[in-house]
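Chain by chain, the residues run as shown.
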Amino acid sequence: MSSLSRELVFLILQFLDEEKFKDTVHKLEQESGFFFNLRYFEEMVTNGEWDEVEKYLSGFTKVDDNRYSMKIFFEIRKQKYLEALDKRDRAKAVDILVKDLKVFSAFNEELFKEITHLLTLDNFRENEQLSKYGDTKSARSIMLAELKKLIEANPLFRDKLQFPTLKNSRLRTLINQSLNWQHQLCKNPRPNPDIKTLFVDHSCGQPNGARAPSPVTNPLMSAVPKAGGFPPLGAHGPFQPTPAALPTSLAGWMANPTPVPHPAASAGPIGLTAPNNAAAILKRPRTPPTNNPAMDYQSADSEHVLKRSRPFGMPDEVNNLPVNILPVPYAGQSHGQSSYSPDDLPKTVVMTLSQGSAVKSMDFHPKTQILLLVGTNTGDIMVWEVGSGERIAHKTFKVWDLSACSMPLQASLANDYTVSINRVMWSPDGNLFGVAYSKHIVHVYSYHGGDDLRNRLEIEAHVGSVNDLAFSYPNKQLCIVTCGEDRIIKVWDAVSGAKQHIFEGHEAPVYSICPHHKENIQFIFSTATDGKIKAWLYDNVGSRVDYNAPGQSSTTMAYSADGTRLFSCGTNKDGESYLVEWNESEGAVKRTYFGLGKRSAGVVQFDTTKSRFLAAGDEFSVKFWDMDNVNLLTSTPADGGLPHAPCIRFNKEGTLLAVSTEDNGVKILANSDGIRFLRTVENRSFDASRVAPAAMAPNMGAFGSNNATIGTTIGDRAAPVAAMVGMSLQSSDGRSLADVKPRIADESVEKSRIWKLTEINEPTQCRSLRLSDNLTAMRVSRLIYTNSGLAILALSSNAVHKLWKWQRNDRNLTGKATTSVAPQLWQPSSGILMTNDITDTNPEDAVPCFALSKNDSYVMSASGGKISLFNMMTFKTMTTFMPPPPAATFLAFHPQDNNIIAIGMDDSSIQIYNVRVDEVKTKLKGHQKRITGLAFSHTLNVLVSHATYSCDSQSIYVSFEDGSVGVLTASTLRLRCRIGPAAYLPPNPSLRVYPLVIAAHPSDPNQFALGLTDGGVHILEPLESEGKWGTSPPVENGAGPSNASGANGSEPPQR
């Protein structure tokens, strides 16, 4: 097929999609093999339409084309097989095995045998590799992520995953150009021809001299050329420029539009987006060609004869939607974009931040998306690092220069110094943030990382309350836009604070502002408490718009992240709330969303994310809508405790959502990506309190796209902008943040501080919990957290294992180990215990050891006798092997293969053992004494004996025989915190109890567990207000010992 024929297929695909021939679109995609619609593929996989999935794939690849294709088909058929097993449908499973999976036996017979063996199991999750298989929905989601990677890596899909960039309705445009050309060639052209068919070339009939020109019946034409005349090329392009132009989004809102002429046919068909040219932005008059004055050529965004007939009773304005509002899947590359589902919405509560006063406004940092800026009703400003839940900066309200304030303001403050915050907002680059107060003032701070907030500007902006604040970039210069109770909008220079523009015209207090831009046209929408909406250019000419908000409500406005769709949400005096999408070109409501309450106690706040979803805080919950569906998509009460109209705010990625609570706090909600993001940040121990913005902002993919244009975020109060999802924590020079020396805000002040060792000697100075135990109390020989952090496993000196599990509930939403909730000492219904072989062993000489598999399904353990392999779900002994001598003293699973085990022996050898084939693969020698194991740091190239690293390798926990625990800074080996035994042990002079083993939590660097000589297990955490165990001593101070003398010699747990 020629390249032009191939391009014609794309044009047909675009046309079919615009006309909603969905089945035909996907059939043509498959049969042509030109474009693989990943979004359609995802929908089919998510819905389990396996036959359709393989049928669609068959248009692009076959099973044996290459290893990527083979893996794709295998994963799909394996999932289908497991779902049949999960439903206990053995007959179907056998059918899938024989018909679908048998083909893979020729390539990997062992794998096929293992798959066949699953039929013999009551639950295929008994297989080690499938033990973490969840429900069908989650399994499909995990598989889909893997399939997408395989498809993107498969060379057969190269250049087939992105749809070519086309102007909207490109096929329509080409046909109309052809009709225009045919009409030019007519010997007797009529003024307004009625073209009724495309099956034959157009030709006008003989003219009738006595006949008056007929009305325009064909939207294609607005006039007729003289015979034989040809327009210049410019007539085919965008409208010719004129000086007095308005953006499309304003022109249609004009109360008196006569000063700006509009073309006769400017509205496009349903489902079109704005073409990427000036005509899509500026509605400008166009001068007809001089040699053909009556000819009016149509641009690509015109309404054409190919428009399908309207349903009966549908008004014109519904069909003639503006060309720059509705998204089209085939516009640009969006046809192949990933689909979204309600599962993409952040609805899981992962953290609660305590503010102390009612939250009025919030904003996530545009680049470092773990930083949340909060303003309250008492004038407090706080910056939170949601990765750790730490409040890293706090400012209370204070007038910086009272003498510079006006007399009315001084009088108001003298009478009542309290203020409330109406708005907090970061600048687009995150280097500044603005605060609008309820009394006259705007504060602008510069942010330099951590708690380093510096006063930048104090502006007495308005008389009375400053109701809203936003940043914008008119003339490529950062400005601050404010509005207030005095009915005025003002624009200020963000550097000098100089006033640049004043916009007057509202007859009521201005409630909100929404700066935006279309190409090079900058403008501001404003709303007032009387429900009036106005729009302004930065020219001091006056309002370009005078329109009414739905229900005459106090309204906020926001654009979608891609800047193409305009929304507003508001509540009127009767408590009725309205959430709508606007038709920018016409200044009319295009879509009203259902689901908001009728009696709101306050103005409902809303936000947008991913250019796909809307969210509003209403009726003690957060409600969500798909932008293209007026019905409520879903809602969440966020585990309760929300006010009637909570304040809400998405981060840029839409993975986190901050929601204010009734008890003066903020809940952080996350989706699966957000949870992984926070876990990654937590594990990397990203210390926002010490890294300056220049070091932490630029190269963190998950924190926001570095190359996002400033225009995308200007004034966008909904502000979610699509960003990269990489997790590279690197500084601007490419070094890992772990290698970047932190920059102190004020080094001279920092050095002058007198450092002091943190001593914790009272139970009130930390959080501790002794785990309940109804089994025989024996000293704890080994202790370890599960890799998931949901449980703790202990091995006692009598060779019995004990497992404590934390349950997910209202008090522990993550289900992870915590001192706040007591876990359950878990046993299977059979009542059996995991007990090691101790035949012919001397307990005094035995060196207990154990290790967990990566997925926490198996534990390998020994107490001087044979090595045992236990199933952690059933406590059953899977196998025993390697009777002494020599006896095992240290065990470790291979990180990628649970069948490979490293075994340290008391004869100083190390054996690499394969459980599957029951044989020793390698035997290593070189040590002089028995193998006891070492704790490795993944960050520092050092080893430390008889101690345990925190999960982030930044701290070392050391136990002492007097019962105390030391916390050392790993990089310097200096003691920074000492925890005395009285802080966690009850007083008992007659009984000497001390820790034998320490285990570090796998994802919380400040939590650890102690196994004691009396058989007890304790969990310790710092106070929430502290967040960590002390502070590191300065290098030059010399405080604190360089090593921990007297450590008890307990070996670190095997992790």
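Quick note: structure is the one above.
Heads up: these notes are all about the structure in this document. Since the structure is predicted, the reported quantities are computational estimates derived from the model, not experimental observations.

## Brief notes about the sheet that holds strand 22 (residues 606-609)
For step 1, the next point in the chain: In spatial order, the strands read 22-23-24-25; together these four strands make up an open sheet with antiparallel pairing. Edge positions in the sheet fall to strand 22 and strand 25 (632-636), since each has one partner strand and no second. The average undirected angle you get between the axes of adjacent strands in this sheet is 25°.
For step 2, the next point in the chain: Pairing of strand 22 with strand 23 (residues 613-618), which is carried by four bridges, proceeds in the antiparallel orientation. For aspartate 607, the partnering residue across the bridge sits in strand 23 and is alanine 615.

## Concerning the sheet that holds strand 9 (residues 453-460)
For step 1, the next point in the chain: Ordered in space as 6-7-8-9, the four strands form an open sheet in which the pairing is antiparallel. Strands at the two margins of the open sheet, each flanked by one partner only, are strand 6 (421-426) and strand 9. On average, adjacent strands in this sheet sit at an angle of 20° to one another, irrespective of strand direction.
For step 2, the next point in the chain: Relative to strand 9, strand 8 (residues 441-447) runs antiparallel, the two sharing seven bridges. Along strand 9, the bridge assignment pairs isoleucine 441 with glutamate 460.

## A few points about the pattern of salt bridges
For step 1, the next point in the chain: Per the counting criterion, the structure on display carries 35 salt bridges.
For step 2, the next point in the chain: Close ionic contact of glutamate 1024 with arginine 767 constitutes a salt bridge, the shortest N to O distance being 3.8 Å. Residue glutamate 1024 is located in the segment after strand 51 (1017-1022), and its partner arginine 767 is located in strand 30 (residues 766-770); the two are separated by 257 residues in the primary sequence.
For step 3, the next point in the chain: Among the charged side chains, a network of salt bridges with common partners joins Arg565, Glu581, Lys590, Arg591 and Asp628.

## Quick word on the packing of aromatic side chains
For step 1, the next point in the chain: Inspection of every chain in the model, using the stated rule, returns 27 aromatic pairs.
For step 2, the next point in the chain: Seen in terms of ring centroids, phenylalanine 1008 and tryptophan 1029 are 5.7 Å apart; in terms of plane orientation they differ by 50°. Their pairing is tilted. Note that phenylalanine 1008 is positioned in strand 50 (residues 1008-1012) and tryptophan 1029 in the segment after strand 51, a separation of 21 residues in sequence. For the pair phenylalanine 1008 and tryptophan 1029, one class covers both residues: buried.

## Considerations on helix 3 (residues 38-47)
For step 1, the next point in the chain: Across the ten residues of helix 3, seven count as buried, placing the element largely inside the fold.
For step 2, the next point in the chain: Listing the buried residues of helix 3 in full gives Leu38, Arg39, Tyr40, Phe41, Glu42, Met44 and Val45.
For step 3, the next point in the chain: The inward-facing, buried residues of helix 3 contact helix 2 (22-32), helix 4 (50-57), helix 5 (67-86) and helix 8 (136-153).
For step 4, the next point in the chain: Measuring from the backbone nitrogen of arginine 39 back to the side-chain oxygen at the start of helix 3 gives 3.2 Å, which picks out asparagine 37 as the cap.
For step 5, the next point in the chain: At the C-terminal side of helix 3, glycine 48 shows a positive phi close to 70°.

## Quick notes on a negative patch on the surface
For step 1, the next point in the chain: On the surface, a cluster of negative charge is made up of Asp23, Glu49, Asp51 and Glu52.
For step 2, the next point in the chain: Along the polypeptide, aspartate 51 turns up in helix 4.
For step 3, the next point in the chain: Note on aspartate 51: relative accessible area 62%, which makes it exposed.

Calculation criteria
- Residues numbered from 1 in each chain as written.
- Predicted model: local features only at pLDDT ≥ 70, side-chain atom pairs only at ≥ 80, totals over all residues.
- Heavy atoms only, no water.
- Pairing = 2+ DSSP bridges.
- Helix = DSSP H or I, 4+ residues; strand = E, 2+ residues; numbered from the N terminus.
- Axes fitted to C-alpha atoms, helices over the stretch in contact; angles between N-to-C directions.
- Salt bridge = Lys/Arg side-chain N within 4 Å of Asp/Glu carboxyl O.
- Phe/Tyr/Trp six-rings, centres within 6.5 Å; stacked < 30°, edge-to-face > 60°.
- Buried < 20%, exposed > 50% of the residue type's maximum accessible area, 1.4 Å probe, protein only.
- Contact = heavy atoms within 4.5 Å.
- Polar contact = N/O pair within 3.5 Å; in protein donor to acceptor, adjacent residues only side chain to side chain.
- Patch = residues over 30% accessible without salt bridge, like charges linked within 9 Å, V, L, I, M, F, W, Y side chains within 5 Å.
- Areas by Shrake-Rupley, 256 points an atom, 1.4 Å probe, with all protein chains shown as cover.
- Lys, Arg positive; Asp, Glu negative; His and termini not counted.
- Charge placed at Lys NZ, Arg CZ, Asp CG, Glu CD.

These figures come from the coordinates and say nothing about function on their own.
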